[in-house]
Amino acid sequence: LIRACLVLGRDRHHAAYELGVANLFAHLDAHGEQGAFEEGIHYADFTVASLLATARAMALAGDRRALEHPFLQRFPLWAIHHFQPGGFFINAFGAFAAARGNPAMLKGILAMSALSLNSRESLWALDHLAGGPDDSLAGMLSRTLPRVPRPPRRIKPYASYTRAMRVNWRSDWSQAATGVWVRGGDPFDSHDHQDRGHVNFILAGN
């Protein structure tokens with residue numbers, strides 16, 4: 001609805017546009033302000049991309065409300081915290097493709113975050129954790145951005161997320177690091193894979 005109004009004329013369809021924005025904010029608010037998508041990274045990978053595309057379209061038309069929402073602003077950090085040592089990913093909520101050996105999984109969403117949110121953290125992770133940009137439109141455009149040689153200060157090797165009910169830690173950002181993540185559960189979880197209480201430990205990248 002938002003993008004249709006942008007094409008047809010935001011001023012001509014003001015009421016419809018604002019309805020779309022209200023619904024979008026209800027969606028973003030439901031996820032919370034930590035940037036955590038409660039169904040895990042696999043579902044966030046294709047769901048948040050559409051949210052970023054809409055927020056970017058709004059911003060290009062002069063409306064930055066969605067782009068500045070806390071969920072989208074903090075989403076890149078939550079996504080980056082799925083990278084575990086040794087090529088592993090945090091694979092809660094049925095993210096089977098994320099278990100290991102698929103470093104390209106987050107290339108698209110990291111490139112989109114770097115472009116839409118001007119996220120230096122996403123750009124660093126794209127280059128140093130995900131193996132560099134792919135040949136998608138977002139990936140090619142991300143190659144024009146100034147590179148980030150070192151992890152920005154906002155990227156800590158540990159985090160805890162209340163709505164996603166998860167804590168994660170790694171000793172450093174090298175592949176040979178040691179890492180651990182633990183998942184709990186939330187009363188509002190509507191998509192579970194019986195992984196509440198899961199504990200995952202990686203020792204020196206293995």
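Source: prediction; values computed, not measured.

Rules of the game
Residues numbered from 1 in each chain as written. Predicted model: local features only at pLDDT ≥ 70, side-chain atom pairs only at ≥ 80, totals over all residues. Heavy atoms only, no water. Axes fitted to C-alpha atoms, helices over the stretch in contact; angles between N-to-C directions. Helix = DSSP H or I, 4+ residues; strand = E, 2+ residues; numbered from the N terminus. Left-handed = near helix turned anticlockwise from the far one by under 90°. Contact = heavy atoms within 4.5 Å. Nonpolar A, V, L, I, M, F, W, Y, C, P; charged D, E, K, R; others polar. Polar contact = N/O pair within 3.5 Å; in protein donor to acceptor, adjacent residues only side chain to side chain. Phe/Tyr/Trp six-rings, centres within 6.5 Å; stacked < 30°, edge-to-face > 60°. Buried < 20%, exposed > 50% of the residue type's maximum accessible area, 1.4 Å probe, protein only.

K.L.:
Before we go on, may I ask you to explain the packing of helix α3 (residues 41–60) against helix α4 (residues 70–80) in this structure?
P.N.:
For any two helices packed against each other, one specifies the inter-axial angle together with the distance between the axes. Following both chains from N to C, one finds α3 and α4 inclined at 145°, their axes separated by 12 Å at the closest point. For α3 against α4, the interelement crossing comes out left-handed. The residues of α4 that touch α3, namely those facing I41, A44, V48, L51, L52 and A55, are F71, L72, F75, W78 and A79. Its residues placed into classes, the contact of α3 with α4 shows 11 nonpolar, no polar and no charged.

K.L.:
What am I meant to see in the side chain of R170 here?
P.N.:
Among the secondary structure elements, R170 is positioned in strand β2 (residues 166–170). A distance of 2.6 Å separates a polar side-chain atom of R170 from the backbone oxygen of D172.

K.L.:
I would appreciate a short explanation of the environment of P149 in the present structure.
P.N.:
Summarising the element assignment, P149 is placed in the loop between α7 (137–142) and β1 (158–161). As a C-alpha pair, P149 and H128 span 21 residues in sequence and 8.6 Å in three-dimensional space.

K.L.:
Even after reading the chapter, I still don't get the packing of aromatic side chains, so can you show me in this structure?
P.N.:
The geometry of an aromatic ring pair is captured by two quantities: the separation of the ring centres and the angle between the planes. Taken as a whole and assessed by the stated rule, the structure comprises 5 aromatic pairs. Relative to F75, the ring of F71 lies with its centre 6.0 Å away and its plane at 45°, an arrangement referred to as tilted. Within this pair, F71 and its partner F75 are both found in helix α4, separated by 4 residues, close to a single helical turn. Judged by centre distance (5.7 Å) and plane angle (75°), the rings of W124 and W173 are edge-to-face. With a gap of 49 residues between them, W124 in helix α6 (residues 120–128) and W173 in the loop between β2 and β3 (179–183) connect regions that are remote in the sequence. Accessibility expressed as a relative area gives 4% for W124, which makes it buried. Looking at W173, the relative accessible area reads 17%, which means it is buried.

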